[in-house]
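Remarks on the overall topology
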Amino acid sequence: MSRFRRLLSTPEGVAGLAILAVLLLAALSAPIVSPGDPLRIAGRALLPPFADPAFPLGTDRLGRDVLAGLIYGARTSLAVGLAAAFSAMILGVCVGMAAGFAGRIVDEALMRVVDAFQIVPGFLLALAFVSTIGVSTPVVVLAIALGAWADPARLTRAQVLAIREQDYVASARVIGMHPVEIAFREILPNALPPVLALSATIVAGAILTEAALSFLGLGNPNIATWGSMIAEGRSVLRSAAYLSVIPGAALAVTVLGVHLFSEGLVNALGDDGGRTA
Amino acid sequence: MSGIFCSLRQFSVTYARGNKAAALDRIDLDIKAGERLAIIGESGSGKSTLARALAGLLPDGAKVGGEMHWPALGHPPRPGRDFGFVFQDPGTSLNPLLTIGEQIAEGARRHLGLGWKQALIRAEELLGRVRMPQPDKVLRAFPHQLSGGQRQRVAIAAAVAARPALLIADEATSALDVVVQAEIVRLLDGLVREDGMTLVFITHDIALASGFVDRIAVFRDARLVEAGPVRSVLSAPKSDYTAVMIASHRDLSTPPLIAEASP
């Protein structure tokens, strides 16, 4: 509770939280605001924004409602971004914990695997993965997660290595706690804060990667995504730039919101570390 | 209670890899049941290694030679149940994310078979015994809300939560100021007396220790220099090193160090 209040005391935390709240609200209310398939043909093609009250943001080349695409796209972006970042965090934290605890050969082996994932650009990896296995939302999520789990793994390992030498871990050992219990009750909660701060950045990266994949036509073609909307608008960029600009702006605002939120989170957590007196 | 609680014979510890010098070199020492034994030595003398060896806290690579027996127990000591351990720095020996109550109750819950509620009641009792004001509030506090001396009291309460027979205090007063040191020593003395615990008190401060322990063991360069009852060690030290250490004890009547150095 006090952490939440501290998050709200930073301007970037408030701004980020507000942006994300609006997005979440839009995404959740999509079926109410715009019932039906957002990809269906709803009206006249290439209607500019603010011309027809039925289509406040206009329609695209095929006569699809841009507003509907935008809010359903928010669903996809947030869902895929969060799911990918969550999977990446789980995988990264597990591998980092295992490496930090096991040490020696296991540590070396796991860290070489992490190296292998770190030297391949995450986007290329996702691209290769999706184009080989085929396009579906779980595959896209997995592909993005595979490119993002290496950083949290490294950070977790470093945290575990530092914290396992702390006196309070030794004192947990001398009151007879089981090593597994020490790992989950003493070390993990203390190792997590910086890794959690990293998670927001991973969410932002995942949203961008998802948009890039669907821009290239490697997203799920049956759901509305911002990436595919930008790609669709590209062919009429001169006559109807709004078709690319609107989803592009939505994407930029989302990523900005996530970054602001993470900035606020880091500050709130950072204050936490200072209260030792 | 009489007899030998723990006996060390030709006990050696070497921290592995490259470092050939032993941290403890063929120690012969008996810890008698119910006694208060002070282990005294300068930094690097091996006294903390001894504490960690007794508690099974040596790092993975350490090589141990010789014998360590626990005649009073008849089995290797169970951490927390058979011995409690108080660390030097109370700032780092408490988990910053757990409440004081949880940290003290853990040992009681684990070894005395209490439920969480009973264990918390026991924790409150223990906080009273270590003379913390308002134990019910402290129970819900986090370590950063307490002062150094209070944290060390909490650490002591956590160490004795499961009624161990042996309490090992590794430089438990070194991170505290002199007034608080005296309070903690008085507290340890009281607890050990009331519960009939054996105390191993590790320190570099011979004056502080000699005020309340029964026996003193002096360590230097990984070896046991001498061991004996406080009075005989203080009045008639067998080794020159002990004599030098007693002579170098400083109090207010000693001329200040800086004045000595200036011409």
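Residues numbered from 1 in each chain as written. Chains lettered and ligands numbered in written order. Predicted model: local features only at pLDDT ≥ 70, side-chain atom pairs only at ≥ 80, totals over all residues.

Turning to the overall build of chain A, a few remarks are in order. A count of helical and extended segments in chain A gives 12 helices and zero strands. Going from N to C terminus, chain A has its helices and strands arranged as α-α-α-α-α-α-α-α-α-α-α-α. Each principal axis of the C-alpha atoms in chain A carries an extent, and together these give about 75 × 45 × 30 Å. For chain A, buried positions account for 43% of its 277 residues. When contacts within chain A are restricted to residue pairs at least 6 apart in sequence, long-range pairs at least 24 apart make up 69% of them. (Helix = DSSP H or I, 4+ residues; strand = E, 2+ residues; numbered from the N terminus. Buried ≥ 20, exposed ≤ 12 C-beta atoms within 10 Å, placed from the backbone. Contact = placed C-beta atoms within 7 Å.)

Within chain B, the regular secondary structure consists of 10 helices and nine strands. Relative to its length of 263 residues, chain B is compact, with a C-alpha radius of gyration of 19 Å against a globular reference of 18 Å. In terms of its C-alpha atoms, chain B occupies a principal-axis envelope of roughly 60 × 50 × 40 Å. Relative to its 263 residues, chain B shows a buried fraction of 44%. Sequence separation of at least 24 residues holds for 68% of the intrachain contacts in chain B that already meet a minimum separation of 6. (Rg over C-alpha atoms; globule rule 2.2 N^0.38 Å.)

Below, the discussion takes up the packing of helix 5 (residues 104-119) of chain A against helix 8 (residues 150-163) of chain A. Residue and element names in this part refer to chain A. The N-to-C vectors of helix 5 and helix 8 enclose an angle of 140°; their axes lie 9 Å apart at closest approach. Judged by the inter-axis angle, helix 5 sits oblique to helix 8. As helix 5 packs across helix 8, the resulting crossing turns out to be left-handed. From helix 5, Val114, Phe117 and Gln118 reach across to helix 8, where they touch Ala150, Ala153 and Arg154. Along the lines of polarity and charge, the residues of the contact of helix 5 with helix 8 split into four nonpolar, one polar and one charged. (Axes fitted to C-alpha atoms, helices over the stretch in contact; angles between N-to-C directions. Parallel < 35°, antiparallel > 145°, perpendicular 65-115°, else oblique. Left-handed = near helix turned anticlockwise from the far one by under 90°. Nonpolar A, V, L, I, M, F, W, Y, C, P; charged D, E, K, R; others polar.)

What follows is about the interface of chain B and chain A. On the chain A side, the residues contacting the 21 residues of chain B number 14 residues. Along the lines of polarity and charge, the residues of the side of chain B that touches chain A split into nine nonpolar, seven polar and five charged.

What follows is about helix 2 (residues 100-112) of chain B. Residues and elements named next belong to chain B. Compared with the 18 Å implied by 1.5 Å per residue over 13 residues, the 18 Å span of helix 2 between its first and last C-alpha is a close match. The largest bend in helix 2 comes to about 25°, at Glu106. By the criterion of burial, helix 2 is predominantly enclosed, with 11 of the 13 residues buried. Among all positions of helix 2, only Ile100, Gly101, Glu102, Gln103, Ile104, Ala105, Glu106, Gly107, Ala108, Arg109 and Arg110 are buried. Packing partners of the buried residues in helix 2 comprise helix 3 (116-129), helix 4 (135-138) and helix 5 (148-159). Gly113 sits one or two residues past helix 2 and shows a positive phi near 65°. (Expected span 1.5 Å × (residues − 1). Bend = angle between axes of the 7 residues up to and from the residue.)

Residue and element names in this part refer to chain B. Ordered by their spatial adjacency, six strands build an open sheet running 5-6-7-3-8-9, and the pairing between neighbours is mixed. Looking at strand neighbours, the two that pair on one side only are strand 5 (83-86) and strand 9 (223-229), the edges of this open sheet. When strand polarity is set aside, the average angle formed by the axes of neighbouring strands in this sheet is 15°. Direction of pairing for strand 6 (residues 166-170) relative to strand 7 (residues 198-203): parallel, over a ladder of five bridges. Across the sheet, the residue bridging to Ala169 is Phe201, located in strand 7. Lying on the sheet, helix 5 is in contact with strand 5 and strand 6; it crosses strand 5 at an angle near 165°. (Pairing = 2+ DSSP bridges.)

Residues and elements named next belong to chain A. Contact geometry of helix 9 (residues 167-174) with helix 10 (residues 179-215) gives a least axis separation of 10 Å together with a crossing angle of 145°. Once helix 9 is placed against helix 10, the crossing between them reads as right-handed. Of the residues in helix 10, those in contact with Tyr168, Val169, Ala172 and Arg173 of helix 9 are Ile182, Glu186 and Ile187. The class makeup of the residues in the contact of helix 9 with helix 10 is five nonpolar, no polar and two charged.

Sheet strands pair by backbone hydrogen bonding; their relative direction is either parallel or antiparallel. Residues and elements named next belong to chain B. Sheet architecture is open: three strands sit in the order 2-1-4, paired in antiparallel fashion. At either end of the open sheet lies a strand with only one pairing partner, and these are strand 2 (24-32) and strand 4 (63-69). Sheet twist, expressed as the mean angle between neighbouring strand axes with direction ignored, is 10°. Where strand 1 (residues 4-14) meets strand 4, six bridges bridge the pair, whose relative direction is antiparallel. Bridge pairing in strand 4 links Ser7 to His69.

Membership of the largest hydrophobic core comes to 81 residues, with the highest contact counts inside it found for Ala157, Leu167, Ile168 and Val200 of chain B. Tallying contributions element by element places helix 5 of chain B first for this core, with six residues. Contact partners of Ile168 of chain B, with chain neighbours within four places excluded, come to Ala51, Leu54, Ala55, Phe83, Phe85 and Val200 of chain B. The next biggest cluster of nonpolar side chains, apart from the first, holds 68 residues, and it includes Leu70, Ala83, Val130 and Ala145 of chain A. (Core = buried A, V, L, I, M, F, W, Y, C linked by C-beta atoms within 7 Å.)

With that settled, consider the pairing of strand 9 of chain B. Residues and elements named next belong to chain B. Sheet topology note: the strand 8 (residues 215-220)/strand 9 ladder contains six bridges and is antiparallel. Following the sheet pairing, Arg215 is matched in strand 9 by Pro229. Here strand 8 folds back onto strand 9, and the loop between the two strands holds two residues, one of which, Asp221, carries a positive phi near 45°.

All names here are of chain B. With respect to the element layout, Glu35 can be found in the loop between strand 2 and strand 3 (36-41). For the pair formed by Glu35 and Ala21, sequence separation is 14 residues and the distance between their alpha carbons is 31 Å. When neighbours within four sequence positions are excluded, Glu35 is seen to be in contact with Thr198, Asp214 and Arg215.

Moving on, we come to the environment of Arg109 of chain B. All names here are of chain B. Along the polypeptide, Arg109 turns up in helix 2. Taking the C-alpha atoms as reference points, Arg109 and Arg52, separated by 57 residues in sequence, lie 24 Å from one another. If sequence neighbours within four positions are ignored, Arg109 has contacts with Leu114, Trp116 and Ala119.

This paragraph deals with the pairing of strand 8 of chain B. Two elements, strand 3 of chain B and strand 8 of chain B, share five bridges in a ladder whose sense is parallel. Across the sheet, Leu37 of chain B pairs through a bridge with Arg215 of chain B, a residue of strand 8 of chain B.

Per-residue confidence for chain B gives a mean pLDDT of 84, with 93% of residues at or over 70. For chain B, per-element mean pLDDT is lowest for helix 10 (residues 257-261) of chain B, which scores 60, and highest for strand 7 of chain B, which scores 90. (pLDDT = per-residue confidence, 0-100.)

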